[in-house]
Amino acid sequence: DGIIYTNYSSSVYKYENDKQTSFTSPGYYLDGGIATKPGNIASASSSSSRLTIMDATGKATAQYAGIVSPQGLAVDTSGQLFVASYGNSTVVRVSAPNQSSLFGTVSYPQTLAFDGQNNLWVNSSSNAIQLDAQGSVERSIPLTDRSECSAGEAPENAPLLQVAQEAVAMWK
């Protein structure tokens, strides 16, 4: 609809028609992700372990506890919100106001995104991980563009990588 929301410091900003306005301030530092779906804005504070859902006017309509250091947020095609709970090493599905449930377990998830087939991708510290519809690991791809992860693609580690991929396949 031509509206973009971002969060910085303790405010959510709304951009519409190339104009920025400070939209709302929930009263705490916002250093996690932000996601939108029609009528709702979700904003995370990793440092204070808060996830807040706001309506289109900026009024808080729900807050979630138990999501430790929320970072990445993503909304699937059916409108469900998913949260990377970095501190719990989990991905949480937010299904209704003030209701959330464990979706999957990923070591230190940071960012989330859905691809064109509605598959959830999770970026952890060293892998891109695809979760299936039940939250199980579908596949894991080493992030080889980072020097600390490049050993995963080294020829001498090919047998280890093969065993790891076979183990992931057995989890299905």
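Right above here is the structure, for reference.
Rules behind the numbers
Residues numbered from 1 in each chain as written. Predicted model: local features only at pLDDT ≥ 70, side-chain atom pairs only at ≥ 80, totals over all residues. Heavy atoms only, no water. Pairing = 2+ DSSP bridges. Helix = DSSP H or I, 4+ residues; strand = E, 2+ residues; numbered from the N terminus. Axes fitted to C-alpha atoms, helices over the stretch in contact; angles between N-to-C directions.

Visitor: Please explain the pairing of strand β10 (residues 90–96) as it appears in this structure.
Guide: The two faces of the sheet receive side chains in turn, since in a regular strand these alternate between them. Here five bridges tie strand β9 (residues 81–85) to β10, and the two strands are oriented antiparallel to one another. Residue pairing for β10: A84 is matched across the bridge by V91. The hairpin turn running from β9 into β10, its antiparallel successor, is four residues long, and S89 in that turn takes a positive phi close to 55°. Inspection of the sheet shows β10 paired to strand β11 (residues 99–105) by six bridges, in the antiparallel sense. Across the sheet, residue T90 finds its bridge partner in β11, namely T105.

Visitor: For this particular structure, what's the right way to read the sheet that holds strand β8 (residues 70–75)?
Guide: Two modes of strand pairing occur in sheets, parallel and antiparallel, and in both the strands are linked by backbone hydrogen bonds. Strand order in this open sheet of four strands is β8-β9-β10-β11, and the pairing throughout is antiparallel. The open sheet has two edge strands with one neighbour each: β8 and β11. The sheet shows a mean angle of 25° between the axes of neighbouring strands, taken without regard to direction. Sheet analysis places β8 next to β9, joined by four bridges and oriented antiparallel. Of the residues in β9, the one forming a bridge with L73 is V83.

Nothing here speaks to function; it is geometry throughout.
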